[in-house]
Amino acid sequence: MLSQFSYQRAASIKEAAEAASRPDVRILAGGTDLLGCLRNQVLQANRLVSLNGLSALKGIRQGPGGGLRLGALTTLTEIAEHRQILDSYSVLAQAAASVGSPQLRNQGTLGGNLCQRPRCWYFRGDFKCRRKGGDTCFAEGGDSQLHCIFGGASCYMVHPSDTAPALVALDAKVSITGRRGTRLVPLSSFFVLPADSLVKETVLQPGEIVTEILLDPPQPGARSAYRKVRERGAFDFALAGAAIVVAMAEGKVRTARVVLSGVAPVPWRSTDAEKTIIGKPLDAAVAVAAAAAAVKGASPLADNGYKVPLVRGILEETLTALAA
Amino acid sequence: MRKSIRERESRTGLSRRRFFNSVASGAAEAAILTVPGAVAAEAAVGQAADGNMVKTVLDINGRSHSLSVEPRWTLLYVLRDRLGLMGTKASCERGECGACTVLIDGAARYACMTLAVEATGAEITTVEGLMRGEELGPVQQAFVEEDAFQCGHCTSGQVVSVEALLRKTPQPSIEQIREGVSGNVCRCGAYANIFRAVQKAAELRKGGR
């Protein structure tokens, strides 16, 4: 049984934002992360504010000039099956389809997928780690098979989202509403490294709510893919993955975004890999060079050195597939 | 109230479970009208503890149930411990196993990760709701015919997931079948027979069963 909390079904985004500005209040969307956190007592809540009565946050709308506006409450199943996303933003459809299980995708929302808490087994377990106000990262001297190889400092979590790297690769923007109004943030600036905060994973301030994710119109000649490697074939988080968006012109890569999942506390953009492929034809030699560039600077912990060759393999394979 | 469903069942459970099974087998909906003493006492405690009960109406297997719920009660808890619908199984209670799978507005979801208060207004279908009167529905029948279980604990969740799969994809490929039941863990490892049962169920449904 979960601990006691009261329940409020918000009648407006403003009402939800006002209620959620209190520290003992949690926002409820799909609930697939929140209820697990409450059950494991990773989080406490005296009140849940449900967004599920807010139809303005649901569904997929056409954006200006051929882009899309994805309501924060859109389920991952809706994202994975949407015709236009499948056709023009494959990386996002593939990422959404790779999340959890059919049940979790029917329930979990896009906004919730971006705002989910870390899956580190120490954070989720009965350990008072730095992210829970303690003074120790237990992964530093403990079991670190699933931890980060980039961007760690004092905390070595990996960001668990699959849709986040896809949306960073698509240069999406996130619309955030709080008590003082609405702001638009590039998703590439939405996530926070441990060096900047040890207690939160996003730039959201108390009371701020993700309401919408905005996709620009697809670039001409765009190709994209998300590749995720897990310990089992389904129903699991990424050991490592890559979201790649390239735009081709006259047989060469004109623009590229390479964003890694499962290897850093935030979706990890590799500008070194991008520089390696921009201006080149997409072939096996370029794929190998980009993969090598992507893992430069990796600093594995005791148990996760396997992620370095894994990332290289994922990038070689995915870039080669995109070349075809 | 603070014990988990399993903890409480291990303490008081078998007799209650047997009671519910006997009550639920013919007419599950009767359970709400004949709540046993232990459950009624718990409801009173919940009400007294916080004065925080929310009146709700849940539409389950085509029947409306009016009841008061605590906001923290999951749909799983309400189905099993309040309404006596014991077909939906409680295992991990963290969205990691699939035993509690139900249909909510036709989509498979985990009842352990859904607050009952949030299911208000939705059409909820449990494994009991897949019966055709007193006969097994096609997916249930196929699981029996293909021997698609060993201990049986995951079976009702598997059956509900397969029902959701076949409603969306009446003739699934083997890959679609594997994906369709990928959110349901079977510790006995009956997967090969489960996959055959899905194919059998697709045939039975096509044949109008």
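Structure report, in brief. (Residues numbered from 1 in each chain as written. Chains lettered and ligands numbered in written order. Predicted model: local features only at pLDDT ≥ 70, side-chain atom pairs only at ≥ 80, totals over all residues. Heavy atoms only, no water.)

## Brief notes about unusual backbone geometry
Let me state the cut-off plainly: Counting from the N terminus, the helices are the DSSP runs of H or I reaching at least four residues and the strands are the DSSP runs of E reaching at least two. Throughout this description, buried means an accessible area under 20% of the type-specific maximum (1.4 Å probe, protein chains only), exposed means over 50%, and partly exposed covers the range between.
Phi is positive for Gln-41 of chain A, which is not a glycine, with a value near 55°. Among the secondary structure elements, Gln-41 of chain A is positioned in the loop between α2 (34–39) and β3 (47–50). The class for Gln-41 of chain A is exposed, based on a relative accessible area of 54%. Even without glycine at this site, Asp-147 of chain B takes up a positive phi of about 55°. In this fold, Asp-147 of chain B is placed in the loop between α4 (138–145) and α5 (155–168). Take Asp-147 of chain B: its relative accessible area is 47%, and that puts it in the partly exposed class.

## Digging into the pairing of strand β2 (residues 25–28) of chain A
All names here are of chain A. Going by this rule: Whether two strands pair depends on DSSP finding at least two bridges between them. Here, the term right-handed applies to a crossover whose path from the first strand over the helix to the second runs clockwise when the strands point away from the viewer.
Of the pairings in the sheet, the one linking β2 to β3 comprises four bridges and is parallel in character. Among the inter-strand pairings, Val-25 is bridged to a residue of β3, identified as Arg-47. Between the parallel elements β2 and β3, the chain passes through α2 in a crossover that is right-handed.

## Concerning the packing of aromatic side chains
Given two aromatic rings, one states the distance between the centres and the angle between the planes to describe the pair. Note the cut-off: Here a Phe, Tyr or Trp ring, Trp counted by its six-membered ring, pairs with any other such ring whose centre lies within 6.5 Å, and the pair is stacked when the planes are under 30 degrees apart, edge-to-face when over 60, and tilted otherwise. Both a distance and an angle decide whether a charge sits over a ring: NZ of Lys or CZ of Arg must be within 6 Å of the ring centre and within 35 degrees of the ring normal.
Counted by the stated rule, this structure contains eight aromatic pairs over all chains. Centroid distance Phe-190 of chain A to Phe-191 of chain A: 5.0 Å. Interplanar angle 85°. Geometry classified as edge-to-face. You can call Phe-191 of chain A buried: its relative accessible area is 10%. Considering the side-chain rings of Tyr-191 of chain B and Phe-195 of chain B, the 6.4 Å spacing of their centres and the 35° angle between planes classify their relative orientation as tilted. Residue Tyr-191 of chain B and its partner Phe-195 of chain B are located together in helix α7 (residues 191–206), separated by four residues, close to a single helical turn. Among the residues examined, Phe-195 of chain B registers a relative accessible area of 14% and is labelled buried. In this arrangement the basic side chain of Lys-132 of chain A is found over the ring face of Phe-123 of chain A, its NZ or CZ atom lying 5.7 Å from the centre.

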